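Structural overview
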Amino acid sequence: MARKALILIEGHTSIGPLYVRAAQRRGLYPITMSTDPTKYDYLAAEGVEAVQVDTNDLDVMKSVYSRLKLTHDIAGLTGFSGDESVYVAVGKLCRHFGLPGPDPASIEQCHDKFVQRQVLEHASIPIPEYRVATNATEVESAVTEIGLPVVIKPIGGSGSSGVHMCRTVEEVAEHTRHLLGGTHMWQAPPRILVEEFAQGQYFTTDMMGGRVVGIGTGDFGPPPHFVYREYSFPAQLSDDENARIADASLSCLCALGLGWGPAKIEFRWTKRGPVVIEVNPRLAGTPDPELIQLAYGVDLVDEHIKLVIGEECDLRAQHSHTASARFLAPDRDGMLERIEGAGRAAALPGVAEVKMYVHPNTPIVRKGDYRDLIGHIIAASPTPDQTAALLQQAVDLVSWTITPCPND
């Protein structure tokens, strides 16, 4: 009898293993199609079958899928990667082979931050004032029209790469030179989004199948970058605030055609109420799925797989706890000499995970995005205060030493 397989396009260092294990728990045989399977250590560690294929070539992927179908009972197909075009390819493959999946046109317009804002604006959904620019002169003109401070970012991309808050015209010029001067890696001809800095508390909505699963809140390290510092579910909101964010989230999905599968929407609560910063048509990486499961008892990865294989998902909360993650970020560049206390922190009752992304004797070069983070700690308890105290206790146990490089 042919094995029932789940095809995974490319991989992801944080949530890739979660999908592999969730698939195996469901009796599915995961197969990863990747341009370079060796990029994902967990494939070998978990004994996952990997097929090397150019995932930028849709026709080649169709051919490989058809070949796999001769020897496997394929239950469904999905994918994830730092390259957002992968999820567009997932949608196209699902459409071609008649599998449950996202609308590729909706995913594509969402990944272009300028087009996404045009769609949201047309639907009268509150967003920051914005302009698109292709050169320094256009950036300068956009800043003059919008007014400082502004956020300047590439049209595409994820993980806050290339995203910078500018408070002066000098900072605008400097970051524009960085983006256009060959340092930033562009997947297409450079286009820069210049937008009003929406001041206010940061919130996110995690959604699945057109429904709100949870609303979280977070904060960032020091500006001008947007590197996560802490993240919690659920956000402490009044019924009215909760309803307004939920309504805005559903309006975004409706406007962008994202009623199928996972989505994550980012907000700032400004004087106008919730203002949409970004809509991501995919499941967020670690630690979102873990926090959602600890806070509500809902396994977002497993529920996504249910949709992928044509089953109905169950998003009913099983309990109500507070789950928080603290991200560990160095305050200097140099050589990471040691990390201590992770084991003691992990042993604390209520600490769900202590994960370090790097090892001693690793060079640290901060870039002002997700790559700056060296680890995280996750804790959960029945109350917000208890979770906050537990998380701080765990964080205080972890320490590291970074020796500045001689050139510094």
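Read on for an overview of the structure. (Residues numbered from 1 in each chain as written. Predicted model: local features only at pLDDT ≥ 70, side-chain atom pairs only at ≥ 80, totals over all residues. Heavy atoms only, no water.)

All right, on to the sheet that holds strand 1 (residues 3-9) then. By way of backbone hydrogen bonds, the strands of a sheet pair with one another, either parallel or antiparallel. Reading across the sheet, the four strands line up as 3-2-1-4 and stay open at both edges, with parallel pairing between neighbours. In the strand order of this sheet, the two ends are held by strand 3 (49-52) and strand 4 (72-79), each with one partner. Each strand of the sheet is rotated relative to its neighbour by a mean of 25°, with strand direction disregarded. Taken strand by strand, helix 4 (residues 85-97) contacts strand 1 and strand 4, and its axis lies near 145° from that of strand 4. Relative to the sheet, helix 11 (residues 300-308) contacts strand 1 and strand 4, its axis offset from that of strand 4 by approximately 125°. (Pairing = 2+ DSSP bridges. Helix = DSSP H or I, 4+ residues; strand = E, 2+ residues; numbered from the N terminus. Axes fitted to C-alpha atoms, helices over the stretch in contact; angles between N-to-C directions. Contact = heavy atoms within 4.5 Å.)

Moving on to the packing of aromatic side chains. One pass over the structure, following the stated rule, counts 13 aromatic pairs. Between Tyr19 and Phe80 the ring centres are 4.6 Å apart and the planes differ by 40°, which places this aromatic pair in the tilted class. Of this pair, Tyr19 sits in helix 1 (residues 16-25) while Phe80 sits in the loop between strand 4 and helix 4, and the two are 61 residues apart along the sequence. With respect to class, Tyr19 is no different from Phe80; both count as buried. Here the aromatic rings of Phe114 and Tyr130 are separated by 5.9 Å at their centres, their planes lie at 65°, and the arrangement is edge-to-face. Of this pair, Phe114 sits in helix 6 (residues 113-122) while Tyr130 sits in strand 5 (residues 130-133), and the two are 16 residues apart along the sequence. Using a relative accessible area of 10% as the deciding quantity, one classes Tyr130 as buried. Aromatic ring contacts, followed pair by pair, group Phe197, Tyr202, Phe220, Phe226, Tyr228, Tyr231, Phe233, Tyr296 and Phe327 into a single cluster. Here the guanidinium or amino end of Arg3 rests over the ring plane of Tyr29, the centre of that ring lying 3.8 Å away. (Phe/Tyr/Trp six-rings, centres within 6.5 Å; stacked < 30°, edge-to-face > 60°. Buried < 20%, exposed > 50% of the residue type's maximum accessible area, 1.4 Å probe, protein only. Lys NZ or Arg CZ within 6 Å of the ring centre and 35° of its normal.)

Between helix 7 (residues 136-146) and helix 8 (residues 169-180), whose axes approach to 10 Å, the crossing angle comes to 145°. The chirality of how helix 7 crosses helix 8 is right-handed. Contact with helix 7, carried on its side by Ala136, Val139 and Val143, involves Val172, Thr176 and Leu180 of helix 8 and no other residues of that element. The residue makeup of the contact of helix 7 with helix 8, split by class, is five nonpolar, one polar and no charged. (Left-handed = near helix turned anticlockwise from the far one by under 90°. Nonpolar A, V, L, I, M, F, W, Y, C, P; charged D, E, K, R; others polar.)

Don't take any of this as a statement about function, it's just geometry.
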